[in-house]
Amino acid sequence: MVAAVALVCLALPSLAQDSLRTSRMEEVVITGTGTQHLLKDAPVQTEVISRRMLDSYGGKSIEEILSGLTASFAFSEGDMGSQMQLGGLGNAYILILIDGKRIHGDVGGENDLGLIDPHNIERIEIVKGAQSALYGSDAMAGVINIITKKHTEAGIYADNSTRYGTHNDLRQHNTLAFNIGKFGSQTNFQLQRNDGWQNTAEEFAEATVLTDSKNKTVNKFRNWQLAERLTFKPTNALELYAEGSYYKKNILRPRNGRHPSCDVYTYDLRYNNASAAVGGKWFLSDAALGTQRNYITLDADWNKHAYYYDYTARTYEYVLLKGEEYGDLDGEWYSVPMFPGQSKLQSDQQRAMAQLKGIFYLPGENTLNAGVEHRYDYLNAPDRTATGTASDWTSALYVQDEFNRLRWLNLTAGLRLVENRNFGLRLTPKVSAMLAAGDFRFRLGWSQGFKTPTVKELHYRYLHVMGSSTFFNIGNVNLSPQTSNYYSANAEYRGSKVTASVTGYVNKLDNMIALVNVPVGEIPAGVTTAYLGDGSDNVQARMYKNMDDARTWSVDATLSYRLVKQLSLTAAYSYLDTEAHLYDAAKDRMTTVTIDGMAHHKWSAAATYSHAFCPRYKLGVNLSTRGSSTRFYQNNGNGKAFQIWRINITHDLGKAGRLLAYRLEVGVDNIFNFVDRTMHPYHLGNNTSGTTVHATFTIKFNQGKRVNNPITSTKQHLNNEED
Amino acid sequence: MKKISSLILAAAAFCLAAPMFTACSDDDKNETINNIVYNIVSEYSYNDSIVAAQKAKSKKDVAVLLVAFGSTWNNAFLAFDKTKAAYEAAFPQADVYVSFSSDICINRASAGENTDDNGNIVKRDYYEPRYLLHAIGAAKYSKIYVQSLQVIPGEEFAAVVASVKKFMNNGYIASVHLDDAYLAKLEKDEAIYLGLPLLNDPDKDVPAVAEELNNLYKDEAAQGVVAFMGHGNPDKYDTFKANIRYTQLEKALQKLNPNYFVGTVDMSGNYKQDVMDRMQDKKINGGKVFLHALMSIAGDHAHNDMAGEGEDYWDEEDPTSEDNSWFEFFKYYKYEPEVPVVGKHPQGLLELEGIRNVWIEHTKHAEFLEDAYHSMYPEE
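None of these values were measured; they are calculated from a predicted model. (Residues numbered from 1 in each chain as written. Chains lettered and ligands numbered in written order. Predicted model: local features only at pLDDT ≥ 70, side-chain atom pairs only at ≥ 80, totals over all residues.)

**A few points about the overall build of chain B**
Quick note on the threshold: By the criteria applied, helices consist of DSSP H or I runs no shorter than four residues and strands consist of E runs no shorter than two, each listed in order from the N terminus. Counting other C-beta atoms within 10 Å of its own, a residue is labelled buried from 20 upward, exposed at 12 or fewer, and partly exposed in the gap between, with every C-beta atom placed from the backbone.
The number of helices and strands found in chain B is 12 helices and 9 strands. The 380 residues of chain B split such that 49% are buried.

Given below as structure tokens:
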């Protein structure tokens, strides 16, 4: 898959685009090593989704982009966010970076990917396994680095993009950027809205099949985000920035249900995110133009992810009363009615991070990358932790050396030393080698991962009412850290018309942490009464436990073929198998299980046509398909196999270099109307609503002039993207 | 060095700004506390007004508060109605109130859980015992009975005891404190009574309930096994050890007829498979098995865990799974399970007049809850 994306990226630029500034061979990646490499020479296998692929595909969300343009990801959108899988492993094992910074916050193990504005993505790099010493050994499944667009031209840039489609789906994006002298500013706004949809009114609840359930397959939602980035370059050798963002998302649930045990909701869900960051990059030497320069970066950031219930009807909640305001009730768990219009915080995850790193080009063709980072996590969950709050910290020190002495061989070795408040010190090594022979590349990699239990896995507990199923999920302070060993082998060919790649990997995890069913008796004393729920055994207690071990193995293959100048074909395929061993306390034996959501086969393919009929008009057509075989689950049935087709047509109007440019885009997704109507709450293979149509109109105003930064002109440079 | 200084300065500025965010969190916290205090107080007021209106209407001076875990089934609501009516007949001088200790049951009952037997949605408002008890105190009833509708003296019953003690100690938010002189008088007059669960006393209650059950089911016991399904208690260090009552009841029943068995859904070592093991120990390897709920009402457990029929209640790969119903379990092992129903539903204990009377007798003979009151103002 990695290769698939890489190939696709490479192929697309080579389409009949007269104005290509860079040839496809010059794609630069940074995620694997933290240093810039041409994609073909990246020591660590890296998959790229380029801006051109993004433009021609026209995805409305990061979920659509990752599932449509690679074969490695699987998604199931839940109430709370997106359940994502990469190589069979879920969100907790996937590190998502925006410009090198970790996105923050999860609810129920799902990340809210609405935070990522698809219109603002320059490119996406994907590195599988815990192969990068830079980004933490906890990225056991891999790293997704989303590199955003940065408008660094002198003058003013502004754009407006409005996308509208089926289900009242609205995606609005705006950028306003200007650069005056040493100062720069970029403001981004995005809004996303969708009315949601229902694939089936059937629901298994209360021991019967209801035929009038109002539960939606995807709930109505709306979110918006405002982000600001300020830059200041006092000298050619120093870049400083400060940035901040605010994000809000509302998930609105059905109000017209008739069955309180499954489709009547007395509260909606809301997230509030905020972030702030400052940092800078300092070039240490004034070497001659065109040479690589040593530099140091320092970054500090703060993130908040708060999750609320917004009540829509009177609801009794079991609340831990803490504070002298409660008088004689201080310290008690109490039943408190919440009224419509009121909100209650469920969890507030905050994180502060600081990172200092440097890249040094040493004699003997060595590139040394070294850094330290410190991370502090704070959880405020008044009714969902024993004492109301919990915290954790982790420090890390890493060094990585790239040895490039031999033209045909690159060796990269890294060490990451992690110290965690609860789990002490741990050293994890990473090694990769790349052999170059003409248009062929061969890569081998081995890396160790180390992931300490998160604050939530240790301390969080809550009643999770999911339609007619009620779970009581409990953190476990007796968890051990998870460890992994990742082995990969890759062969790649990059010819002028054809690129092909095959990658095999095995990821072995020990002490893997998962939510597993436990007897109700394991619920901590004192909260049992509240959490027996409606008195039925519909409440299933689940606790985070270390599974004994888990293993995933996969083969990814990609192919790209440029038929003619205007037309290219790409295909990606991923085979996956998983196996986990779990101790079943009730039966006193080991059981072997597949990891939930695993599918053996996933694929995607596309035909892309692009032609400039005249300097003022360019047509692009992208016909693509993606599919998956059956997804396996331990409970509630397997997800059906699916294959979905999609077409996106773009019209670019306006001459290059002019003040204004326009783009009109129309598309049809799921052309053959595939719909999985499996009843709630059984698993769907895909939650698409069937055929949808969309249209986007974009207008860009660019009064800017490109200024070349003499320091970084040797390779495509996007400021601070490698941080 | 200048450059490094700039970087460090920037980081320092950031760190200085961070407390502002924390301040925002504090605002959040204060707003939440204010909301919750307001909500609790208004819920007291609302319960107070309901009880005050009832007292004004009935002009009665005795209150009986029945505390059940709760249910969302309409047949259970009807069972509670019947129980309330029976109490009103037994305590003609008293206002009788029914409360649910489960928040989810209250929420779902008022939202309209399930339907009546004609398919109509039934919405019922129930109240939480701590709020209703406050209201009873605010209305200054001169005699109060708090009756547990639990079957065994376990964790749920411990919560009932705790709420009565809290009441007697005026343990509320300051603005809604009860009249302390009134509470002192209740104590002095020995006018607060705690009615104990159905199977509280192993020597008196257990044989009495066994007798009543045998009266009701002896015909069934003559034809085959009669198996009762109780709930079970966590039996942890800080809750009462109550599960032994099921064992004691089985013993008492078997003295009357060896065909009686008592199991649970949640007591370790006494699940459906343990019941079957005990049956097989007695060489009962087939024949009829009549299934009855040993719970105050017939709700989810009785309908699903006990009586559930069909593939949704059966996983052959894991016969003892807690998701498998008793009905399907005994069927699989070649017994002939049968769930006797009245109308369309199995019966809960509150629907059985003889058993309900055991509870009513508990209330009638409820003891004064000694040492529950400690003045909030001991120095006075």
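Next comes the rest of the write-up.
**As for the overall build of chain A**
Filter applied, for reference: The contact criterion used here is simple: two residues whose C-beta atoms, placed from the backbone, lie within 7 Å are in contact.
The helix and strand inventory of chain A stands at 5 helices and 43 strands. Considering only residue pairs separated by 6 or more positions, chain A has 67% of its internal contacts joining residues 24 or more positions apart.

**Considerations on helix α4 (residues 129-138) of chain B**
All names here are of chain B. Counting buried positions along α4 gives 10 out of 10 residues, so the element sits mostly inside the fold. Within α4 the residues assigned to the buried category are Pro 129, Arg 130, Tyr 131, Leu 132, Leu 133, His 134, Ala 135, Ile 136, Gly 137 and Ala 138. After α4 finishes, the residue Lys 140 shows a positive phi value of roughly 55 degrees.

**Points about the domain arrangement of chain B**
Residues and elements named next belong to chain B. Cut-off, in case you're wondering: What counts as a domain boundary in this text is fixed by an automatic or database domain assignment. Lys, Arg, Asp and Glu make up the charged group, whereas Ala, Val, Leu, Ile, Met, Phe, Trp, Tyr, Cys and Pro make up the nonpolar group; the residues left over, Gly among them, are polar.
Here chain B is described as being made up of domain 1 (31-198 + 361-368) and domain 2 (205-295 + 308-345). On a C-alpha basis, the centroid separation for the pair domain 1 and domain 2 is 31 Å. Facing 10 residues of domain 1, the contacting portion of domain 2 comprises 14 residues. Top element by residues in the side of domain 1 that touches domain 2 is helix α5 (residues 155-168). It accounts for 3 residues. When grouped by side-chain class, the residues that make up the side of domain 1 that touches domain 2 number 6 nonpolar, 2 polar and 2 charged.

**Digging into the sheet that holds strand β9 (residues 121-128) of chain A**
Residue and element names in this part refer to chain A. Formally: Here the rule is simple: two strands pair whenever DSSP picks up at least two bridges between them.
Pairing within the open sheet is mixed, and its 5 strands lie in the order β3-β9-β10-β7-β8. The outermost strands of the open sheet, each flanked by one partner alone, are β3 (47-49) and β8 (101-102). Pairing of β3 with β9, which is carried by 3 bridges, proceeds in the antiparallel orientation. Paired with Ile 49 across the strands is Ile 124, a residue of β9.

**Some thoughts on the confidence of the model for chain B**
Defined as follows: Values of pLDDT, the confidence the predictor places in each residue, fall between 0 and 100.
Mean pLDDT over chain B works out to 88, with 89% of the residues at or above the 70 mark. Predicted complex metrics record ipTM = 0.79 and pTM = 0.83.

**Some details on the nonpolar core**
Under the convention used in this document: Residues of type Ala, Val, Leu, Ile, Met, Phe, Trp, Tyr and Cys that are buried and joined through C-beta atoms within 7 Å form what is called a nonpolar core.
Core analysis: the biggest nonpolar cluster contains 121 residues, and Leu65(B), Leu66(B), Ile136(B) and Leu291(B) have the highest contact counts within it. Each of domain 1 (31-198 + 361-368) and domain 2 (205-295 + 308-345) of chain B gives at least three residues to this core. Look past the residues within four positions of Leu65(B) in its chain and what remains in contact with it is Tyr97(B), Ser99(B), Pro129(B), Leu132(B), Leu133(B), Ile136(B), Ile144(B), Tyr145(B), Val146(B) and Gln147(B). In this structure, Leu115(A), Tyr135(A), Ala396(A) and Met598(A) belong to the second largest nonpolar core, which totals 79 residues.

**Remarks on the sheet that holds strand β6 (residues 260-264) of chain B**
In sheet architecture, strand pairing relies on hydrogen bonds along the backbone and comes in two forms, parallel and antiparallel. Residues and elements named next belong to chain B. Worth spelling out the cut-off: Angles shown run from 0 to 180 degrees and are taken between the N-to-C directions of axes, each axis being a line fitted to C-alpha atoms and, for helices, limited to the stretch in contact.
Overall, parallel pairing links the 4 strands, which are arranged β6-β5-β7-β8 in an open sheet. In this open sheet, the two edge strands, each paired with only one partner strand, are β6 and β8 (335-338). The sheet shows a mean angle of 30 degrees between the axes of neighbouring strands, taken without regard to direction. In this sheet, β8 lies alongside strand β7 (residues 287-293) in parallel orientation, the contact comprising 4 bridges. Bridged to Val 289 within β8 is Pro 337. Together, β5 (225-230) and β6 form the strand contacts of helix α9 (residues 272-281), whose direction differs from that of β6 by roughly 155 degrees.

**A word on the pairing of strand β27 (residues 440-451) of chain A**
All names here are of chain A. By the bridge criterion, 8 bridges tie strand β26 (residues 424-437) to β27 in an arrangement that is antiparallel. Paired with Ser 432 across the two strands is Gly 445, which belongs to β27. Pairing between β27 and strand β30 (residues 482-494): 12 bridges, direction antiparallel. Pairing of Trp 446 across the sheet is with Tyr 487, part of β30.

**Some points on the packing of helix α7 (residues 205-223) of chain B against helix α12 (residues 353-364) of chain B**
Residue and element names in this part refer to chain B. Selection rule: Any angle from 65 to 115 degrees is called roughly perpendicular, while one under 35 is roughly parallel, one over 145 is roughly antiparallel, and all others are oblique. Helix crossings get a hand from a simple test, with the near helix turned counterclockwise from the far one by less than a right angle marking a left-handed crossing and a clockwise turn marking a right-handed one.
In contact at an axis separation of 9 Å, α7 and α12 are set at 160 degrees when each is read in the N-to-C sense. Put simply, α7 runs roughly antiparallel to α12. The two elements α7 and α12 meet at a crossing, and its hand is right-handed. In this structure, α7 contributes Asp 205, Ala 208, Val 209, Glu 212, Asn 215 and Leu 216 to the contact, and α12 contributes Gly 354, Ile 355 and Val 358.

**A look at the confidence of the model for chain A**
Detail in the predicted coordinates should be disregarded across regions flagged by low pLDDT. Residues and elements named next belong to chain A. For chain A, per-residue confidence averages 85 on the pLDDT scale, and 88% of positions sit at 70 or higher. This model gives residues 1-25 a pLDDT under 50, and the stretch forms 92 contacts once residues within four places in sequence are excluded. When the criterion is pLDDT under 50, residues 533-537 qualifies, and its contacts beyond four places in sequence or with other chains add up to 26 contacts.

**Details of helix α3 (residues 103-111) of chain B**
Residues and elements named next belong to chain B. Burial runs high along α3: 8 of the 9 residues are buried. By the burial criterion, the buried members of α3 are Asp 103, Ile 104, Cys 105, Ile 106, Asn 107, Arg 108, Ala 109 and Ala 111. Phi turns positive, to about 100 degrees, at Gly 112, one or two residues after α3.

**What to know about the environment of Gln225(A)**
Residue and element names in this part refer to chain A. Topologically, Gln 225 is positioned in strand β16 (residues 220-235). For Gln 225, a count of 21 C-beta atoms within 10 Å puts it in the buried group. Separated by 330 residues in sequence, Gln 225 and Val 555 place their C-alpha atoms 38 Å apart.

**Quick notes on the pairing of strand β2 (residues 94-100) of chain B**
Residues and elements named next belong to chain B. Heads up, the condition is: Consider the strands pointing away from the viewer: the crossover is right-handed when the path from the first strand over the helix to the second runs clockwise.
Extensive coverage of β2 is indicated by the burial of 7 of its 7 residues. Taking every second residue as pointing to the same face, both faces of β2 are buried, with Ala 94, Val 96, Val 98 and Phe 100 on one and Asp 95, Tyr 97 and Ser 99 on the other. Sheet analysis places strand β1 (residues 62-68) next to β2, joined by 7 bridges and oriented parallel. Directly across from Val 67, in β2, lies its bridge partner Ser 99. Regarding topology, helix α2 (residues 74-90) serves as the crossover connection from β1 to the parallel β2, and that connection is right-handed.

**Description of the environment of Gln192(A)**
The topology assignment puts Gln192(A) in strand β13 (residues 183-194). Taking the C-alpha atoms as reference points, Gln192(A) and Arg222(A), separated by 30 residues in sequence, lie 5.5 Å from one another.

**Quick notes on the packing of α7(B) against helix α8 (residues 244-256) of chain B**
Residues and elements named next belong to chain B. At a closest axis distance of 9 Å, the pairing of α7 and α8 adopts a crossing angle of 50 degrees. Between α7 and α8, the crossing angle belongs to the class labelled oblique. Here α7 runs over α8; the crossing is right-handed. Contacts between α7 and α8 involve Val 206, Pro 207, Val 209, Ala 210, Leu 213 and Asn 214 from the first element and Arg 245, Gln 248, Leu 249, Ala 252, Leu 253 and Leu 256 from the second. The class makeup of the residues in the contact of α7 with α8 is 9 nonpolar, 2 polar and 1 charged.

**Concerning unusual backbone geometry**
Put simply, His680(A) and Pro681(A) share a cis peptide bond, and its omega is -5 degrees. Tracing the sequence through the fold places Pro681(A) in the loop between β42 (660-669) and β43 (692-702). If you check the backbone angles, Glu365(A) has positive phi at about 60 degrees while not being a glycine. Here Glu365(A) lies in the loop between β22 (343-362) and β23 (366-380). The residue Lys283(B) is not glycine, and still its phi comes out positive at about 65 degrees. With respect to the element layout, Lys283(B) can be found in the loop between α9 and β7. By the C-beta count within 10 Å, which is 6 here, Lys283(B) ends up exposed.

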